[in-house]
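Here's the letter readout for the chains.
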Amino acid sequence: MKVAIPINGDRIAPRLSLAKEVVVAELKGRREVGRERLNISGLYPMEIPDFLASKGVTKVIAAGVDWYLQEIFRLHNIDVTWGIMGNVDEVLNFYLTEGLQMGMGLCPPRRSRRRFRGFHF
Amino acid sequence: MVREKDYFNIILDSIADGVFTVDKQWRITTFNKAAERITGFTREEAIGQYCYEIFRTNVCLERCALRETMQSGQDIINKELNILDKYNREIPVSISTAVLRDEKGEIIGGVETFRDLSLIKELDKEIHEKYSFQDIISKHPSIVNIFRILPDIARSEATVLIQGESGTGKELIAQAIHNLSPRKDGPLVKVNCGALPETLLESELFGYLRGAFTDAKRDKPGRFKLAEGGTIFLDEIGDIPAGIQAKLLRVLENKEYEPLGGTSTIKADVRVVTATNKDLERLVKLGQFREDLYYRLNVVKIELPSLRERRMDIPLLIEHFIERFNKKTGKEIRGVSDEVMKILLNHPYPGNIRELENIIEHAFILCKGPQIQWEHLPSYLRNQKPSTTERRSIREIEKEHIINTLQRCSGNMTKAAQELGIHRTTLWRKLKKMGSI
């Protein structure tokens, strides 16, 4: 399967509609077997789903995605997981090992820090 | 005794506007309570993150106000933009920015305050009718397909005919075509052809010269002139009289026209987008509309389905209007009763979305509790019995929706549950109850 991630440098772009590039990673099982960067700067946002569908993409991982784009992706049977932030490599790795949840925010998630408040007797 | 840092946080949290600060690497260092409320992110989630990943504005990375301020040292006051909240909802805000300096005057970061403008923008849209195609709330494939082809239609110079019943959003589509077209920086001039008598419509469209008629004291440019370099949107095109049809045909064929009382021809650099709620083909057969004009107008046709044809959108639209009226009225209505939902799902909506909006607005005035009930509906709906052929229970509608979603997701329960916005086990329980498992 092919997964597309809109990017800004090495991180997920804040909004799919503002991204200039996407990373398309080819996955086999739990392994990444190929990767390419595609320029999407000349496209209108509503053309992005058609473009990615033509590249064989079946999943999109992104931060912000306008609702109408989500619906166009749905027409193409492309699954969208939005609300993900972080470094592209780390996100892909987390997706392959743990799986992603819609709106989970920072990926990999921060471990909750519990402050040591002393012993209580 | 309150410590200085705590005191500072108490002040920040008592401010009604969202406030956050960043360091020089754009990492958030402060995030007050109002910022949590507006964005949906908690302070713990936001602190340490890049500001553009939390706010996801429509200008992040390219025209960032805070970046501009940190580079120029100049404050920015009340700049309007949109952020996306944690739940992927677009929130219009007004922001102000300033630099943060240490005791030596060195820049150590920036501060931004932001105010939620949702309500103001909602009212502004209503007053000035400044809606965009994103205001068309729909998951129906025929509407989503229209969104998909809009850029191609917009890029071409072809005349567009938008057909649909009144209240289906024809004007929003016309607006979108203009906004996406190479003519977007030019004007978009709207004319309601059905609202004007023939003589007035002719002078409105093509203008007149001084002395053209008794009251013509000076030249008046027509709408085609005003739309020069942009788009003219001719609404209710099916209502234009025969005389104007011939003149319009000339504009479409030769890109030229003559103002009233004029002898010289004016060239028109205007894109024509038209709309009608009438069946033009039928009018052509009845001899009420010129066939040649019909074919000139019908180069690209967009057909907008009525609300009856996309009943799946009704619950979505009800939710949308409730949210909008809650903001407007300060009420906290959470939804409609099953009985009301049933009536609303079965109503034929001759007035389409506008009618549904009016129904919810009416109910809002009468509803004092958390849920809209039968007695809050307008009388014509209270008296209306759903037709036996169309009458379906909420459970039947829910079942159909779940099965459609499952089919779309190729039977993948996790995916379907995600799409339906319910937990996987809830979906499983519902399917079991329906006897589908």
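Our structure's up above, just so we're on the same page.
If you're wondering where the values come from, they're calculated on a predicted model, not measured in any experiment.

## Re the overall build of chain A
Each helix and strand counted, chain A has three helices and eight strands in total. Its helices and strands taken in sequence order, chain A reads β-β-β-β-α-β-α-β-β-α-β from the N to the C terminus. Judged by the C-alpha coordinates and their principal axes, chain A covers about 65 × 30 × 25 Å. Counting only residues that meet the buried cut, chain A has 40% of its 121 residues in that class. Long-range pairs, those at least 24 residues apart, make up 39% of the contacts in chain A between residues at least 6 apart in sequence.

## Notes on the packing of helix H9 (residues 198-206) of chain B against helix H11 (residues 242-254) of chain B
All names here are of chain B. Contact geometry for H9 and H11: axes closest at 9 Å, N-to-C directions at 20°. Considering the angle they form, H9 stands roughly parallel to H11. Every pair of crossing elements has a handedness; the one defined by H9 and H11 is right-handed. Facing H9, whose interface residues are Glu-198, Leu-201, Glu-202 and Phe-206, H11 presents Gly-243, Ile-244 and Lys-247. Class assignment for the residues of the contact of H9 with H11 results in three nonpolar, one polar and three charged.

## Describing the sheet that holds strand S3 (residues 76-84) of chain B
All names here are of chain B. Taking strand neighbours across the sheet as the criterion, the five strands line up as S2-S1-S5-S4-S3 in an open arrangement whose pairing is antiparallel. Across the chains shown, the open sheet's two edge strands, defined by having one partner strand only, are strand S2 (28-31) and S3. In this sheet, adjacent strand axes meet at a mean angle of 30° when their direction is disregarded. Taken together, the seven bridges between S3 and strand S4 (residues 90-101) define a ladder with antiparallel strand orientation. Along S4, the bridge assignment pairs Glu-80 with Ser-94. Contacting strand S1 (18-23), S3, S4 and strand S5 (107-116), helix H5 (residues 65-72) crosses the sheet at an angle of about 15° to S4.

Cut-off values and rules
- Residues numbered from 1 in each chain as written.
- Chains lettered and ligands numbered in written order.
- Predicted model: local features only at pLDDT ≥ 70, side-chain atom pairs only at ≥ 80, totals over all residues.
- Helix = DSSP H or I, 4+ residues; strand = E, 2+ residues; numbered from the N terminus.
- Buried ≥ 20, exposed ≤ 12 C-beta atoms within 10 Å, placed from the backbone.
- Contact = placed C-beta atoms within 7 Å.
- Axes fitted to C-alpha atoms, helices over the stretch in contact; angles between N-to-C directions.
- Parallel < 35°, antiparallel > 145°, perpendicular 65-115°, else oblique.
- Left-handed = near helix turned anticlockwise from the far one by under 90°.
- Nonpolar A, V, L, I, M, F, W, Y, C, P; charged D, E, K, R; others polar.
- Pairing = 2+ DSSP bridges.

Remember, this is a structural readout, not a statement about activity or role.
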